Amino acid sequence: MSKYILPVSVFGTAFGCAVLLQNYVTGGPCPSKAKIPGKTIVITGANTGIGKETARELARRGGRIIMGCRDMEKCEAAAREIRGKTLNKHVYARHIDLASIKSIKAFVQKIKEEEEHVDVLINNAGVMRCPAWKTEDGFDMQFGVNYLGHFLLTNLLLDKLKASTPSRIINLSSVAHVTGEVDFDDLNWDCRKFDTRKAYSQSKLAIVLFTRELAKRLEGTGVTVNALHPGVVGTDLGRHTGMHQSQLSSTVLSPFFYLFVKSPTLGAQSSVYLAVAKELEGISGRYYDVMTEKDPAPQALDERMSERLWNASVTLLGLNGQTVSHAHPTSQSAIATVSPELTKTNPVFTTTTSEPVKSTCLDKP
Ligand SMILES: NC(=O)c1ccc[n+]([C@@H]2O[C@H](COP(=O)([O-])OP(=O)(O)OC[C@H]3O[C@@H](n4cnc5c(N)ncnc54)[C@H](OP(=O)(O)O)[C@@H]3O)[C@@H](O)[C@H]2O)c1
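Residues numbered from 1 in each chain as written. Predicted model: local features only at pLDDT ≥ 70, side-chain atom pairs only at ≥ 80, totals over all residues.

A. Structural detail: the site of the ligand. Near the ligand lie 30 residues; those nearest to it are Gly-45, Gly-49, Gly-126, Thr-235 and Leu-237. When residues in the shell around the ligand are grouped by element, the largest group, three residues, is from helix 2 (residues 49–60). For the shell around the ligand, the per-class residue count stands at 14 nonpolar, 11 polar and five charged. (Near = placed C-beta within 6 Å. Helix = DSSP H or I, 4+ residues; strand = E, 2+ residues; numbered from the N terminus. Nonpolar A, V, L, I, M, F, W, Y, C, P; charged D, E, K, R; others polar.)

This is the structure:
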């Protein structure tokens, strides 16, 4: 027996250390046990990965879950599975393609018809390092889906969120925003040689800038907005990268993946935390690395840039057209230009500067 003691204890210690290290690296489970009966949660990209596990956990906690996906077959299957596993029958599949303005508007219309309130919006859907694809409306796919689509969705849902206060918006960014740059002369990669990695970083930086700008505009409304990096999670996100398809990653590197790449269930914990934690009530405009609040990259703190991006987004989405007063309750002076459609229901949807926006190289003289 004694000859086994040493190897068994070495193995046990190594295993224990691996679990501790994994917990440390991955952030562990959401510390809040809050239940959310009566709360309506809208999650985009909920048919797989982090979005699906977020939907599952929030359904388990008693929420009414609206899963927004572009593939209805996958969405219905995921919703059915979650209803079965959680015994929560209030889990619904709804169509949204964030690469289409028309689809986003149709989704919002349906939500407004069907839902009395929206308490949490989780802007989760994402595409990473795809080829130089364009959305239906001609935007770079990563900028269009990850950022612009969610910018539009959020603004169109703001009246619902404001009528449901205290309510929360959660934006999935990424640590990749750290290397991000926003090129206001060529937001959609129409002029430069396309770089799929930089396009992803730009879209994720845009999300943090949007989060901070929106938080300012929502001050005093009871709607909060925060951004997060979920950690490194083993999902389908890498489907366009060589690494995802290689034998090396599925065999030789898999033990390292166990330590440093977390499961979608663990990857969903930060979204769940920001959605339910009572201690985050009223907290807005912050960036969370997993579940720890951190400063985002310096360029994400640039207020001039966040305001400029807001204005550029309004222009790109064709939302200019009417002059309204600024949404901030204390501000009387600022003048803005926005779409009549949005301002009717969302006075927050305003711009505050007249800085010219050059959206594509076609705008160049
Ligand atoms: N995984 C990570 O390590 C990691 C790290 C940092 C940040 N994130 C962020 O976390 C979020 C979730 O990613 P994930 O890892 O769970 O990836 P995933 O497994 O690939 O899930 C992405 C989801 O977005 C959906 N989606 C993509 N394009 C869409 C569109 N045009 N309209 C509607 N839905 C669309 C996908 O739908 P289909 O299944 O139909 O394609 C899928 O449901 C993303 O925003 C990602 O950038 C992930």
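That covers the picture; the talk isn't over yet.
B. Highlighting the packing of helix 2 against helix 3 (residues 72–86). Interaxial distance between helix 2 and helix 3 falls to 10 Å at its minimum, and their mutual angle equals 35°. Helix 3 is crossed by helix 2, and the crossing has right-handed handedness. Here helix 2 contributes Lys-52, Ala-55, Arg-56, Ala-59 and Arg-60 to the contact with helix 3, which in turn contributes Ala-78, Ile-82, Lys-85 and Thr-86. By residue class, the composition of the contact of helix 2 with helix 3 is four nonpolar, one polar and four charged. (Axes fitted to C-alpha atoms, helices over the stretch in contact; angles between N-to-C directions. Left-handed = near helix turned anticlockwise from the far one by under 90°. Contact = placed C-beta atoms within 7 Å.)

C. Molecular detail of the nonpolar core. Counting 85 residues, the largest nonpolar core has Ile-41, Ala-55, Ile-65, Met-67, Ala-206 and Ala-275 as the members making the most contacts within it. In terms of residue count, the dominant contributor to this core is helix 5 (residues 141–162) (12 residues). When neighbours within four sequence positions are excluded, Ala-55 is seen to be in contact with Ile-43, Ala-46, Ile-65, Met-67, Ile-82 and Val-91. (Core = buried A, V, L, I, M, F, W, Y, C linked by C-beta atoms within 7 Å. Buried ≥ 20, exposed ≤ 12 C-beta atoms within 10 Å, placed from the backbone.)

D. The sheet that holds strand 2 (residues 64–69), seen in detail. Strands sit in the order 3-2-1-4-5-6-7-8 across an open sheet of eight strands; the sheet is mixed. Each having just a single partner strand, strand 3 (91–95) and strand 8 (292–294) make up the two edges of the open sheet. Put simply, the sheet's adjacent strands are angled 25° from each other on average, direction ignored. Across five bridges, strand 2 lies against strand 3 in parallel orientation. Bridge pairing in strand 3 links Cys-69 to His-95. The sheet contacts of helix 6 (residues 196–217) involve strand 5 (167–172), strand 6 (223–229) and strand 7 (287–289), and relative to strand 6 the element is tilted by about 160°. (Pairing = 2+ DSSP bridges.)

E. Just the environment of Val-120, in detail. In this fold, Val-120 is placed in strand 4 (residues 120–123). Residue Val-120 is classed as buried on the basis of its 23 C-beta neighbours within 10 Å.

F. Quick peek at helix 3. Over its 15 residues, helix 3 extends 21 Å from the first C-alpha to the last, a length consistent with the 21 Å expected when each residue adds 1.5 Å. Inspection of helix 3 places Cys-75, Ala-78, Ala-79, Ile-82 and Thr-86 among the buried residues, and these make up the whole buried set. Considered in projection along helix 3, the buried side chains sweep an arc of 100° and stay on one side of the axis. Of the exposed residues in helix 3, those oriented more than 90 degrees away from the buried face are Glu-73, Arg-80 and Gly-84. Packing partners of the buried residues in helix 3 comprise helix 2, strand 2 and strand 3. Phi turns positive, to about 60°, at Leu-87, one or two residues after helix 3. (Expected span 1.5 Å × (residues − 1). Arc of directions from axis to C-beta.)

G. Region of interest: the environment of Phe-107. By the element assignment, Phe-107 lies in helix 4 (residues 101–114). Owing to 23 C-beta atoms within 10 Å, Phe-107 belongs among the buried residues under this scheme. Contacts of Phe-107, omitting those with residues within four sequence positions, involve Gly-68, Arg-94, His-95 and Ile-96.

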